[in-house]
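Summary of structural features
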Amino acid sequence: MLAASLAVALVVSCGGKEAPTEIASSLPRAKDVIPGQGDDLPYLTEAMRRATDEDTTASYAGFDTYAYPGDATMRAWRAEGTYHWVGYYLPSPCHKGRTWVGKRQALQDMGWGLAIVYVGQQTWGSELNPVARRSSGKRSSRTVSDCQASYLGAARGIQDANDAIAVARAEGFPRGTVVFLDVERMEIVPPSMRAYYKAWTERMLAEGTFVPGAYVHTHNAKVIFGDIKGMYAAAGRTDVEPPFWIAGKGEDFSFTLDRNPMQIGHEFATMWQGKIDIVERRAGKKLPIDVNVAKTPDPSHPLTAVAD
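Report follows, based on the coordinates. All of these numbers come straight from a predicted model, not from anything done at the bench. (Residues numbered from 1 in each chain as written. Predicted model: local features only at pLDDT ≥ 70, side-chain atom pairs only at ≥ 80, totals over all residues. Heavy atoms only, no water.)

**A short note on the pattern of salt bridges**
Rule in force here: Salt bridges are defined as contacts in which a side-chain nitrogen from Lys or Arg sits within 4 Å of a carboxyl oxygen from Asp or Glu. Strands are runs of DSSP state E lasting at least two residues, helices are runs of H or I lasting at least four, and both sets are numbered from the N terminus onward. Relative accessibility thresholds used throughout: buried, under 20% of the residue-type maximum; exposed, over 50%; partly exposed, between the two (1.4 Å probe, protein chains only).
By the definition in use, this model includes 10 salt bridges. Here E207 ties to R169 by a salt bridge, and the two come within 2.8 Å at their closest N and O atoms. Taken together, the residues E207 in helix α6 (residues 191–207) and R169 in helix α5 (residues 154–170) connect sequence positions 38 residues apart. The exposure class of R169 is partly exposed, given its relative accessible area of 39%. One network of salt bridges, in which partners are shared, links E80, E280 and R282.

**Describing the environment of Y88**
Let me state the cut-off plainly: Within 3.5 Å is the distance limit for a polar contact, defined as a pair of N or O atoms, with the added protein rule that one can donate a hydrogen and the other accept it, and that residues adjacent in sequence qualify only through two side-chain atoms.
Within the fold, Y88 resides in strand β2 (residues 85–89). In this structure the side chain of Y88 is engaged in a polar contact, spanning 2.8 Å, whose partner is the backbone oxygen of W100.

**Re unusual backbone geometry**
Backbone geometry at K249 places phi at a positive 55°, although glycine is not the residue there. Relative to the elements of secondary structure, K249 occurs in the loop between β6 (244–247) and β7 (271–282). Positive phi, normally seen in glycine, also occurs at A283, with a value near 50°. Tracing the chain through its elements places A283 in the loop between β7 and β8 (285–294). Look at A283 and you get partly exposed, because its relative accessible area is 48%.

**With respect to the packing of aromatic side chains**
Quick reminder of the rule: Any pair of Phe, Tyr and Trp rings, taking the six-membered ring for Trp, is counted once the centres come within 6.5 Å. Such a pair is stacked with planes under 30 degrees apart, edge-to-face with planes over 60 apart, and tilted for the rest. When the NZ atom of lysine or the CZ atom of arginine is within 6 Å of a ring's centre and also within 35 degrees of its normal, the charge is said to sit over that ring.
Within this structure, the stated rule accounts for 16 aromatic pairs. With centroids separated by 5.1 Å and ring planes inclined at 75°, the aromatic side chains of Y68 and W100 adopt a geometry described as edge-to-face. Separated by 32 residues along the polypeptide, Y68 in the loop between β1 (60–64) and α2 (71–80) and W100 in the loop between β2 and α3 (104–110) bring together distant segments of the chain. Ring geometry for F244 against F268: centres 5.7 Å apart, planes inclined by 90°, an arrangement best described as edge-to-face. Within this pair, whereas F244 is found in strand β6, its partner F268 is found in the loop between β6 and β7, the two being separated by 24 residues in sequence. For the pair formed by F244 and F268, the shared burial category is buried. An aromatic cluster is built from F63, W77, Y83 and W112, whose rings are joined through pairwise contacts. A cation sits over an aromatic face here: R78 above W112, 5.9 Å from the ring centre. The positively charged end of R104 is found above the aromatic ring belonging to F173, 5.9 Å away from the centroid.

**Quick word on the sheet that holds strand β5 (residues 211–217)**
Let me state the cut-off plainly: Strand pairing is assigned whenever DSSP identifies at least 2 bridges connecting the two strands. Axis definition: a line fitted to C-alpha atoms, over the contacting stretch in the case of helices. Angles run 0 to 180 degrees between N-to-C directions.
Strand order in the closed barrel made by the 8 strands is β1-β2-β3-β4-β5-β6-β7-β8, with mixed pairing throughout. Taken over all neighbouring pairs, the strand axes of this sheet differ in orientation by 35° on average, direction set aside. Bridge count for β5 against β6 is 4 bridges, and the pairing is parallel. Bridging across to β6, V216 finds its partner in I246.

**Considering the state of the cysteines**
This is how it is decided: Our working definition of a disulfide is a cysteine sulfur pair at a distance within 2.5 Å.
According to the stated counting rule, one finds 1 disulfide in the structure shown. Note that C94 is cross-linked by a disulfide to C147, the S-S spacing being 2.0 Å. Between C94 and C147, the S-S dihedral sits near 95°, and the bridge is therefore right-handed. A residue pair is termed long-range when its members are at least 10 positions apart, and C94 in the loop between β2 and α3 and C147 in the loop between α4 (130–136) and α5 qualify at 53 residues.

Encoded structure:
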């Protein structure tokens, strides 16, 4: 993922029919609660139940971009109505920008659904991905050395899971919120990476505040889904499938209402990132984005109770 590069210069407009504008207040939003306190799980609206439990063809457009576009732009894009949800980047080892920090409540008040992203360790070299650095234009208090292929392994997976839990709590996300671990494309998934994301998932499940999901490329999806589903089973979490956000096959992706995430070729896909690094103008405001569809209008919305 690493979102759309701000260096993209070509404006690309989406073809096909656009999603109809919906009333922003119709989107389900999480309550303002302190995670882990009693009955703090948001209820499911009937619309959300239909989208997740009954309508397997539901499709809601969303986008992600590296840096927060600003309140005015986000408000205008939501009112324009094409996009229902947006990727929300937590501070993480391989995502240096902190521009999304503190924006949860404002975005939910605008009616945006959210997909929470934690960019963990990757198989790249020893420094931050150059696309991400180019897009950010800023450095945070974290150092580039936080993101290194040499850190991959179970111990760092546990450490980064604890970090993801801490930063998601600090952002005020409620108990049961889905947090997607970003695992970028690999030709072959090395044992150190498998140990990393399995340990990250295991720790998230054991701690119990948030539900672990994964953002992966279609090339690696089957292997990673098999591993993570195994971690869910080992934790006794047979009540829910691991949420999977899958990128790739852009040539098969058209921006239409009938484009379902499973059409990427994986029946376990709940989200599909089909177009990357394009530029769109909505409501007179231009953004570099990656275009996605999801089964629900709020992909990180708590859907099931987490283990006590």
